[in-house]
Amino acid sequence: MIKTADVVIIGGGISGCAIAYNLLKKGVRDIVVIEKAYLASGATGRCGAGIRQQWGTEMNCRISKLSSDFFEHANEELAYEGDIEFKQGGYLIVSSTEKEHEQFKKNVALQNSLGIQSKLLDLDEAKEIVPFLNTEGLISATFHQKDGHLNPFHTTQAFANAAKRLGAHIYTYTEVIDIIVEEGKIRGVKTNKGDISTNVVVNAAGGYSQLIGNMVGLDLPVYSERHQILVTEPVEPVLGPMVMSFSLNLYCQQVPHGSIIMGRGDEGEPRDLRITSGWHFLEEMTKTITKVLPPLKDVRLLRQWAGLYNMTPDRQPIYGPVDEVEGFYLAIGYSGHGFMFGPATGLLMAESILGEETTLPIDMLHLNRFKKGELIFEPSVV
Ligand code: FAD
């Protein structure tokens, strides 16, 4: 393990690996990524890996568009020897309340104004896209063809391999146990395998970001919440796009090898670091999805698992430095959509750390927005 680094990044998920790659690409040397298990062992490897540009706040639309444009040529940009498997089958998002339908009109107007070619559809048009959609109880839908799905393990590995080729030091099965702060400035990290001196630490620890904040004396305004997900046996191609509903709290998508992945956000999920699986999820998930997509009742389930959402009060991430500790940066609080933000996270965080003008204006995602009470709420989340 090296003894001194320019930047130490805590967390080997999509965020940590993308930040490392972008810093190295900009010429910074001695970048360390520390991961307590294996790469993508956190939320990244447990997620639905859905990619959408259909958001309800300008910031989330712009971050996801920047990332999605990158994913379209990521295999080449990252010179990846595998395939990140970017399938752009679209997202069909259905509304089932008048309030939601009204929100969809606003969302589509916002998205179109930012160059995202989403459309508001009536139910006949929605059925043309997913013929076996049960439209009973639904009002309308929105659709964007460029949304889709990626392989989260390959995508993380692609960033990690590219970072390693540029000289990154990636230490897996290594845990940060403390952060050294002197006179309000970052001075290093302590790990279970030795210490590293540095003036810059990035907290990209996903569901564990609150614990990392505690190490520098901060009580970050985030909490972790279990979210569950399941996968079916592989079947013939039946479902092109992701089908999603915010009011029914569910999403469902067929991945390239034929399995169907689905998840939902249950009320009353534990707000701690538990990632056990529960029967309640299985029952509610299968009940609601077979109502919306009835033929799925004949498909067998293979496996269910869970991961942590790292939630912020406004459902938007926290990016950038903190005022309280010099050299401490945050890339946390994705509230269930941080995988699709990976490329933008990497670029914007690298720019922020280097004091460059950021490609998107991320001041509004600074930690101090919570103190100032300047919150813009993202309405379109599961
Ligand atoms: P993580 O992937 O959680 O990585 C953080 C890493 O930090 C972990 O690997 C952890 O082991 C490591 N770590 C923590 N503490 C320490 C320490 N002390 N020392 C060393 N290492 C440490 N997002 C989407 O965009 N699309 C989706 O469809 C989607 N679906 C989801 C479905 C589920 C069920 C879940 C749980 C999440 C979903 N998300 C989705 C959210 C997405 O997974 C996360 O926002 C994203 O993966 C966050 O990436 P990250 O790299 O910031 O964090």
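Residues numbered from 1 in each chain as written. Predicted model: local features only at pLDDT ≥ 70, side-chain atom pairs only at ≥ 80, totals over all residues. Heavy atoms only, no water.

1. A short note on helix α1 (residues 14-25)
Over its 12 residues, α1 extends 16 Å from the first C-alpha to the last, a length consistent with the 16 Å expected when each residue adds 1.5 Å. All of the buried residues in α1 are Ile14, Ser15, Gly16, Cys17, Ala18, Ile19, Ala20, Tyr21, Asn22, Leu23 and Leu24. Of the residues one or two after α1, glycine 27 is the one with positive phi, at around 100°. (Helix = DSSP H or I, 4+ residues; strand = E, 2+ residues; numbered from the N terminus. Expected span 1.5 Å × (residues − 1). Buried < 20%, exposed > 50% of the residue type's maximum accessible area, 1.4 Å probe, protein only.)

2. Looking at the pairing of strand β11 (residues 194-197)
The pairing of strand β10 (residues 185-191) with β11 spans 4 bridges and is classified as antiparallel. Counted as the bridge partner of threonine 191 is glycine 194 from β11. Between β10 and β11, which pair antiparallel one after the other, the connecting turn spans 2 residues. (Pairing = 2+ DSSP bridges.)

3. Considerations on a nonpolar patch on the surface
A surface patch of nonpolar side chains, about 340 Å² in accessible area, is lined by Tyr38, Phe153 and Tyr173. Counting through the fold element by element, phenylalanine 153 comes out in helix α7 (residues 152-165). (Patch = residues over 30% accessible without salt bridge, like charges linked within 9 Å, V, L, I, M, F, W, Y side chains within 5 Å. Areas by Shrake-Rupley, 256 points an atom, 1.4 Å probe, with all protein chains shown as cover. Salt bridge = Lys/Arg side-chain N within 4 Å of Asp/Glu carboxyl O.)

4. Some details on the domain arrangement of the protein
The domain architecture assigned to the protein consists of domain 1 (7-48 + 153-222 + 314-372) and domain 2 (89-146 + 224-311). Every contact between the two is made by 17 residues of domain 1 and, on the other side, 13 residues of domain 2. Buried area between domain 1 and domain 2, summed over both chains or domains, comes out near 1,200 Å², and the portion from carbon and sulfur atoms is 55%. Broken down residue by residue, the surface that domain 1 buries against domain 2 is led by Arg46, Gly48 and Gly207, which jointly contribute 42%. At the junction of domain 1 and domain 2, the tally comes to 0 salt bridges. Scanning the region where domain 1 abuts domain 2 turns up 8 residue pairs in polar contact (both at pLDDT 80 or more). If you list the elements that add at least two residues to the side of domain 1 that touches domain 2, you get α2 (43-46) and α8 (209-215). (Domains from an automatic or database assignment. Contact = heavy atoms within 4.5 Å. Buried area = accessible area lost by both parts, 1.4 Å probe. Polar contact = N/O pair within 3.5 Å; in protein donor to acceptor, adjacent residues only side chain to side chain.)

5. Observations regarding a negative patch on the surface
A contiguous patch of negative charge, built from Asp122, Asp124, Glu125 and Glu128, is present on the exposed surface. Here aspartate 124 shows up in helix α6 (residues 123-129). Here aspartate 124 falls in the exposed class, since its relative accessible area comes to 59%. (Lys, Arg positive; Asp, Glu negative; His and termini not counted. Charge placed at Lys NZ, Arg CZ, Asp CG, Glu CD.)

6. A word on the site of the ligand
For the ligand, the set of nearby residues contains 38 residues, the closest of which are Ser15, Glu35, Thr44, Gly50 and Met340. Between an oxygen atom of the ligand and a side-chain N or O atom of serine 15, the distance comes to 2.7 Å. Valine 176 places a polar main-chain atom, nitrogen or oxygen, 3.0 Å from a nitrogen atom of the ligand. Protein contact buries 97% of the 1,000 Å² of open area that the ligand shows by itself. Every element with two or more residues in the shell around the ligand is listed here: α1, α2, β13 (223-232) and β17 (301-311). Across the shell around the ligand, the residue classes tally to 18 nonpolar, 16 polar and 4 charged. (Near = heavy atom within 4 Å. Nonpolar A, V, L, I, M, F, W, Y, C, P; charged D, E, K, R; others polar.)

7. Digging into the sheet that holds strand β9 (residues 176-182)
The antiparallel open sheet is built from 3 strands, whose spatial order is β9-β10-β11. Where the open sheet ends on each side, the last strands, each with one partner, are β9 and β11. Strand after strand, the sheet turns through a mean of 25° between neighbouring axes, direction not considered. Sheet topology note: the β9/β10 ladder contains 6 bridges and is antiparallel. Residue aspartate 178 lies in a different strand from β10, and its bridge partner there is lysine 190. (Axes fitted to C-alpha atoms, helices over the stretch in contact; angles between N-to-C directions.)

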